[in-house]
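Close look at the chain arrangement
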Amino acid sequence: MSEHFARGRSAEIFRTEDGKILKLFFPDYPREYAEKEYKNTKIAASLGCTGMQVYDVVERDGRFGFVMDCIDGVSQNDMPGKNPAYLFRAGKDLARCHVRVQKARSGELDDVREVCLGILGEDCMAFLTPAEKSRAAGYLRSLPDDGTVLHLDFHTGNVLVDKSGECKVIDWMTAAHGSRAVEEALMEFFFSEAELFPEASRVKIALFSAIRGSIGKGFFKEYQKLSPLSAGEIDRYRLAALILRRHWNIAFEEPYLTKTIRALIAKYGVEEKETIE
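Anyway, here's the lowdown on the structure attached to this text. Keep in mind that what you see is a predicted model, and the values were worked out from it rather than measured. Here the residue index of a chain counts from 1 through its sequence in written order. Reporting of local features is limited, given that this is a predicted model, to residues whose pLDDT is at least 70; pairs of side-chain atoms are given and counted only at 80 or more, and all residues count toward the totals for whole chains, interfaces and linings. Calculated side-chain values reflect all of the structure's heavy atoms, with hydrogen atoms and water omitted.

**Some details on the environment of Gly269**
- Under the DSSP-based scheme used, a helix requires at least four consecutive residues in state H or I and a strand at least two consecutive residues in state E, with every element numbered from the N terminus. Note that Gly269 resides in the segment after α10 (254–268).
- Relative accessibility under 20% of the residue-type maximum defines a buried residue, over 50% an exposed one, and the middle range a partly exposed one, all with a 1.4 Å probe and only protein chains included. Looking at Gly269, the relative accessible area reads 16%, which means it is buried.
- With 114 residues separating them in the primary sequence, Gly269 and His155 have C-alpha atoms 29 Å apart.

Here is the structure:
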């Protein structure tokens with residue numbers, strides 16, 4: 001292991017001596033996390049969804065991770081600091097990148113409906129009654145799936161801009177397959193309700209909110225031009241999207257998510273024979 005490069009929510013990034021990158025998860029993350037992201041990234045690379053190739057799953061002092069190519073680029077979050085004018089094209093670039101990823105199909109990734117069904121049985125969904133969970137499960141199972149590749153954590157921090165201006169997507173831990181409407185419902189959440197920077201001052205949060213809103217407008221305008229999707233179709237998959245987000249257990253988002261998830265179950269829920277405890 002060599003030069004420390006960056007630190008994220010779940011892992012640290014190191015540059016290796018041969019110019020690659022080692023993503024090493026923190027000690028409380030099991031080997032399965034490294035193996036899952038390794039597998040998902042390998043699939044994404046084979047489909048042309050990311051510029052990263054992955055090589056080996058490794059262990060260092062009881063911590064697990066994997067080795068991958070280094071992408072020489074800057075995240076969209078950091079681009080305005082280098083070029084303030086980039087704010088005016090960030091949303092458009094993000095949409096084009098998103099549409100490119102969504103052209104891919106894969107049955108190897110997890111089925112997003114099955115992922116949501118698994119989350120229904122976890123502690124983060126304990127606010128739901130058994131009857132609500134059953135109705136949610138019935139509805140999730142009724143949703144069509146076209147095998148679209150979904151990143152499910154697609155935001156400006158996970159998109160790198162290389163020297164040529166091309167956008168490349170990183171962090172494929174949450175990837176799955178399903179309807180693209182799931183991801184568009186998530187994008188609406190990211191650009192409106194998602195937590196920004198919890199330690200920032202109110203002034204900075206207000207500034208970040210305005211910037212996020214501006215990028216969001218650019219994103220949705222370009223996305224709808226390139227790959228139209230009706231508001232009704234997005235709403236049909238919003239329950240799945242918000243169940244996925246609730247799994248992150250972010251306290252700031254909990255009131256909105258619990259209220260909205262219950263409302264969506266009341267609107268769309270389908271009775272099942274068995275309840276989920």
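**A word on helix α4 (residues 112–120)**
- Three or more residues of α4 are buried, namely Val112, Cys116, Leu117, Ile119 and Leu120. The buried side chains of α4 occupy one side of the element, clustering within an arc of 160° when seen end-on.
- Any two residues whose heavy atoms approach within 4.5 Å at even a single point are treated as in contact. Check the buried side of α4 and you find it contacts β7 (110–111), α5 (130–142), β8 (148–150), β11 (176–178), α6 (180–190) and α9 (238–246). What the arc describes is the spread of directions from the helix axis to the C-beta atoms.

**As for unusual backbone geometry**
- In this structure, Leu152 is a non-glycine residue whose phi angle is positive, near 70°.
- Looking at the secondary structure, you find Leu152 in the loop between β8 and β9 (159–162).
- Even without being glycine, Asp171 reaches a positive phi, approximately 60°.
- Inspection of the secondary structure assignment puts Asp171 in the loop between β10 (167–169) and β11.

**Quick notes on the state of the cysteines**
- A pair of cysteine sulfur atoms is labelled a disulfide when the two atoms are within 2.5 Å. Tallied over the entire structure, the rule returns zero disulfides.
- Cysteine Cys97 remains unbridged, with the sulfur of Cys167 as its closest cysteine sulfur at 5.2 Å.
- Residue classification places Cys97 among the buried positions, given a relative accessible area of 1%.
- Summary of cysteine pairing: Cys124 is not part of a disulfide, and the nearest cysteine sulfur, belonging to Cys116, is at 11 Å.
- With a relative accessible area of 6%, Cys124 lands in the buried category.

**Some words on the pairing of strand β4 (residues 54–60)**
- For two strands to pair, DSSP has to find at least two bridges joining them. The sheet contact formed by β4 and strand β5 (residues 63–68) spans five bridges and is antiparallel. Paired with Val57 across the bridge in β5 is Phe66.
- Here β4 folds back onto β5, and the loop between the two strands holds two residues, one of which, Asp61, carries a positive phi near 55°.

**Side note on the sheet that holds strand β6 (residues 73–75)**
- The strand order across the open sheet formed by three strands is β6-β9-β10, and the pairing between neighbours is antiparallel. Each edge of the open sheet is held by one strand with a lone partner, namely β6 and β10. Averaged over all neighbouring strand pairs, the angle between strand axes comes to 35°, with direction disregarded.
- Of the strand pairs in this sheet, β6 and β9 are connected by three bridges, and their pairing is antiparallel. Bridge assignment links Val74 to a residue of β9, and that residue is Val161.
- Simply put, an axis is a line fit to the C-alpha atoms, just over the touching stretch for a helix, and the angle between two N-to-C directions goes from 0 to 180 degrees. Against the sheet, helix α3 (residues 87–102) touches β9 and β10, its axis set at about 55° to β10.

**A short note on the nonpolar core**
- Core analysis: the largest hydrophobic core is formed by 78 residues, its most contacted members being Leu120, Trp172, Val182, Ile243 and Ile261.
- A total of seven residues in this core trace back to one element, the largest contributor, which is α6.
- Beyond its immediate stretch of four places on either side in the chain, Ile261 contacts Met125, Phe127, Leu128, Leu239, Leu242, Ile243 and Arg246. To define a nonpolar core, start from buried Ala, Val, Leu, Ile, Met, Phe, Trp, Tyr and Cys residues and group those joined through side-chain atoms within 4.5 Å.

**Digging into the pattern of salt bridges**
- Take a side-chain nitrogen of Lys or Arg and a carboxyl oxygen of Asp or Glu: if they are within 4 Å of each other, that pair is a salt bridge. A full pass over the atoms with the stated rule returns 20 salt bridges.
- With its nearest N and O atoms 2.8 Å apart, the salt bridge here joins Glu132 to Arg262. A residue pair is termed long-range when its members are at least 10 positions apart, and Glu132 in helix α5 and Arg262 in helix α10 qualify at 130 residues.
- Residue class for Arg262 comes out partly exposed when judged on its relative accessible area of 33%.
- Because the salt bridges share partners, they merge into one network encompassing Glu188, Asp235, Arg238 and Lys267.

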